[in-house]
Amino acid sequence: MALNYGHSAEHERVIEDCRRLAEAVEPFAMEADDSSVMHTPTLEALRSSGLSNLMVPAAYGGRFDQVDPLAVCLAREVFMKTSSHLDSVFALQGIGSYAISRAGNESQKKEWLPLVGRCEALAALALTEPIAGSDLKSITTRVEVSGSELVLSGAKSFISNAGSASFYTTLAKEGDGYSLFLVPADSEGLTITPSPEIIAPHVLGELNFDNVVLPAQARLGEPGTAFKHVLATLSVFRISVAGAAVGLMQGALEEAVSHCQSREQFGRPLVKHGPVAALLADSWSDLESARLLTYQTAAMAAEDPVANLDRSSLAKLTATEAATRVVDRCVQTMGRWGLIRGSKIEKYYRQARPMRVYEGASEVLRLGIAARLVRDMNNGS
Ligand SMILES: Cc1cc2nc3c(=O)[nH]c(=O)nc-3n(C[C@H](O)[C@H](O)[C@H](O)COP(=O)(O)OP(=O)(O)OC[C@H]3O[C@@H](n4cnc5c(N)ncnc54)[C@H](O)[C@@H]3O)c2cc1C
């Protein structure tokens, strides 16, 4: 399946470097992917690879001038095929720090971004609350200005990296608007408990802010500008979920093809039975179309991430919906061997499912995509 997708030499080098890291992680990938707490060997492997530097701008130790959406997608494709834990730790470095790169002042950038780029600080983004999920404007976490300080109170739920992160980029109401705040993990009044375990283990926790006192400089950007920075973050990192979904599909299809070549029924390999071949062919079709849309969208996002939000949503919707179809077909082609706990294919089956929920659930993405479609068609573009 080795095809030339026309990547630049620089992007090819990213793929090679990521493959080296994935090979190093492969021996303990199953153990890591079964863990709901930070898996230290995986974290150390990422740290020593230096690849966290894909998540910060060059001025703060990054590999590209600005965070490059295609490089992030290619990395997540390679990582997710091997280990969702590796993929998640890597992705969170960007998801949690992108608002600092974009909206932080010089001292916030200098304090945190080089540490994130070296993977010496772990990042997290805290938006979701026990009540507020897709409807982020219904959050109740609030900041009050008290003299030269800010006082944060409220709760966040299902936050990736909670308990391991060094800081939480936190969405809160401020007056009638919404602002983002950089909350160090060791802030007094911040307590963290584990979230319920999900079907595909993930480092997740609940944050409680009990009158956490922050300096006025903890705000990221101007008061009331949170959603601008959150949408920019989503614009870049939604596409990268598509990249991860492509990696998952590739892994699942390799498992299925290998099985269907070696197992015979009715005197011929499974792959020679038309209905089984059709399941594989349809899966390859889903994979390649999602892959090309993902690469194209990521390249477009490099030029103007914010203008690209609906395209990013389209790529995420396409690739994650395809991933659940593909992995389900692959399980089917493998018969009872598709169902064995602890096998790669079973792992992919569980891991595909949450992708359609986080960073924009499919139904909510469709609303934005359809609105954009109508707007563009009415404008004749
Ligand atoms: C593995 C994992 C990691 C996560 N990590 C983070 C993190 O790091 N930081 C963070 O802030 N959050 C995180 N989350 C939370 C995630 O962002 C939310 O789960 C997501 O936003 C959906 O919110 P919800 O689960 O409350 O579902 P709800 O918003 O309750 O939605 C439930 C269902 O209703 C549909 N729906 C909702 N509104 C509409 C509508 N208007 N029209 C049509 N359908 C609608 C949804 O599509 C969905 O199918 C994570 C979640 C998971 C599973």
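Just so you know, these numbers come straight off a predicted model, no measurement behind them.

Scoring rules and cut-offs
Residues numbered from 1 in each chain as written. Predicted model: local features only at pLDDT ≥ 70, side-chain atom pairs only at ≥ 80, totals over all residues. Helix = DSSP H or I, 4+ residues; strand = E, 2+ residues; numbered from the N terminus. Rg over C-alpha atoms; globule rule 2.2 N^0.38 Å. Buried ≥ 20, exposed ≤ 12 C-beta atoms within 10 Å, placed from the backbone. Contact = placed C-beta atoms within 7 Å. Near = placed C-beta within 6 Å. Nonpolar A, V, L, I, M, F, W, Y, C, P; charged D, E, K, R; others polar. Domains from an automatic or database assignment. Core = buried A, V, L, I, M, F, W, Y, C linked by C-beta atoms within 7 Å. Expected span 1.5 Å × (residues − 1). Pairing = 2+ DSSP bridges. Axes fitted to C-alpha atoms, helices over the stretch in contact; angles between N-to-C directions. Parallel < 35°, antiparallel > 145°, perpendicular 65-115°, else oblique. Left-handed = near helix turned anticlockwise from the far one by under 90°.

**Quick word on the overall build of the protein**
- Summing up its helical and strand segments, the protein has 11 helices and 10 strands in all.
- For 381 residues, the compact-globule formula gives about 21 Å, and the C-alpha radius of gyration of the protein, at 21 Å, lands near that figure.
- Each of the three principal axes of the protein carries a C-alpha extent, and together these read 80 × 50 × 40 Å.
- Considering the protein as a whole, with its 381 residues, one finds that 49% of them fall into the buried category.
- For the protein, restricting intrachain contacts to residue pairs at least 6 apart in sequence, the fraction spanning at least 24 positions comes to 76%.

**Concerning the site of the ligand**
- Around the ligand lies a shell of 19 residues, among which Leu127, Gly133, Ser134, Ala361 and Glu363 are the nearest.
- For the shell around the ligand, the secondary-structure elements that each account for two or more residues are strand S1 (123–126), strand S3 (149–160) and helix H11 (362–378).
- For the shell around the ligand, a count of residues per class yields 13 nonpolar, five polar and one charged.
- Counting contributing residues per domain, the shell around the ligand is built from domain 2 (124–224) and domain 3 (227–378), each supplying no fewer than three.

**Here's the deal with the nonpolar core**
- Among the nonpolar cores identified, the biggest contains 114 residues, and Ala75, Phe181, Ala245 and Met249 are the most heavily contacted of them.
- Looking at which element gives the most residues to this core, the answer is helix H7 (residues 226–262), with 16 residues.

**Comments concerning H11**
- The end-to-end C-alpha distance of H11 is 24 Å, a good match for the 24 Å that 17 residues give at a rise of 1.5 Å each.
- Counting buried residues in H11 gives one out of 17 residues, a small share hidden from the surface.
- Two residues or fewer after H11 comes Gly380, characterised by a positive phi angle close to 75°.

**A closer look at unusual backbone geometry**
- Of note, Cys119 is a non-glycine position whose phi angle comes to about 65°, a positive value.
- Looking at the element boundaries, Cys119 is found in the loop between helix H6 (106–117) and S1.
- Given 23 C-beta atoms within a 10 Å radius, Cys119 is considered buried.
- Although it is not a glycine, Phe266 adopts a positive phi angle of roughly 55°.

**Considerations on the domain arrangement of the protein**
- Along its sequence, the protein is organised into domain 1 (9–121), domain 2 (124–224) and domain 3 (227–378).
- Relative placement of domain 1 and domain 2: their C-alpha centres are 22 Å apart.
- Of all the secondary-structure elements, those providing two or more residues to the side of domain 1 that touches domain 2 are helix H5 (84–103) and H6.
- Considering every element that reaches the side of domain 1 that touches domain 2, the biggest residue donor is H5, with eight residues.
- Per-class residue counts for the side of domain 1 that touches domain 2 are nine nonpolar, eight polar and two charged.

**As for H6**
- In a regular helix each residue adds 1.5 Å, so 12 residues correspond to 16 Å; H6 covers 16 Å between its end C-alpha atoms and thus fits that length.
- Among the residues of H6, those classed as buried are Gln108, Trp112, Leu113, Leu115, Val116 and Gly117.
- The secondary structure elements touched by the buried residues of H6 are H5, S1, strand S4 (167–174), strand S5 (177–184) and strand S8 (219–220).
- Positioned one or two residues after H6, Cys119 has a phi angle of 65°, which is positive.

**Details of the environment of Ala71**
- With respect to the helices, strands and loops of the structure, Ala71 is situated in helix H4 (residues 69–82).
- Ala71 gets classed as buried once you count the C-beta atoms within 10 Å, which come to 26.
- The spatial distance from the C-alpha of Ala71 to the C-alpha of Gly205 is 28 Å, given a sequence separation of 134 residues.
- Once residues within four sequence positions are removed from consideration, Ala71 is found in contact with His11, Val14, Leu54 and Phe64.

**Description of the environment of Leu171**
- Relative to the elements of secondary structure, Leu171 occurs in strand S4.
- Taking the C-beta count within 10 Å as the criterion, Leu171 has 26 such neighbours and is therefore assigned buried.
- Not counting the four nearest positions on each side in its chain, Leu171 is found in contact with Ala126, Leu127, Leu136, Ile139, Tyr178, Leu180, Ala226 and Val230.

**Here we look at the pairing of S3**
- In the sheet, strand S2 (residues 142–146) pairs with S3 via five bridges, with the strands oriented antiparallel. Bridging across to S3, Glu144 finds its partner in Val151.
- Taken together, the nine bridges between S3 and strand S7 (residues 204–215) define a ladder with antiparallel strand orientation. Along S7, the bridge assignment pairs Lys156 with Leu207.

**Comments concerning the packing of helix H9 (residues 309–333) against H11**
- Two elements in contact, H9 and H11, have axes separated by 9 Å at closest approach and are oriented at 135°. With respect to each other, H9 and H11 are oriented oblique. Our pair here, H9 against H11, has a crossing hand that is left-handed. Counting all contacts with H9, which are made through Asp310, Ser313, Leu314, Lys316, Leu317 and Glu321, the residues of H11 involved are Ser362, Leu365, Arg366, Gly368, Ile369 and Arg372.
- When its residues are assigned to classes, the contact of H9 with H11 shows four nonpolar, three polar and five charged.

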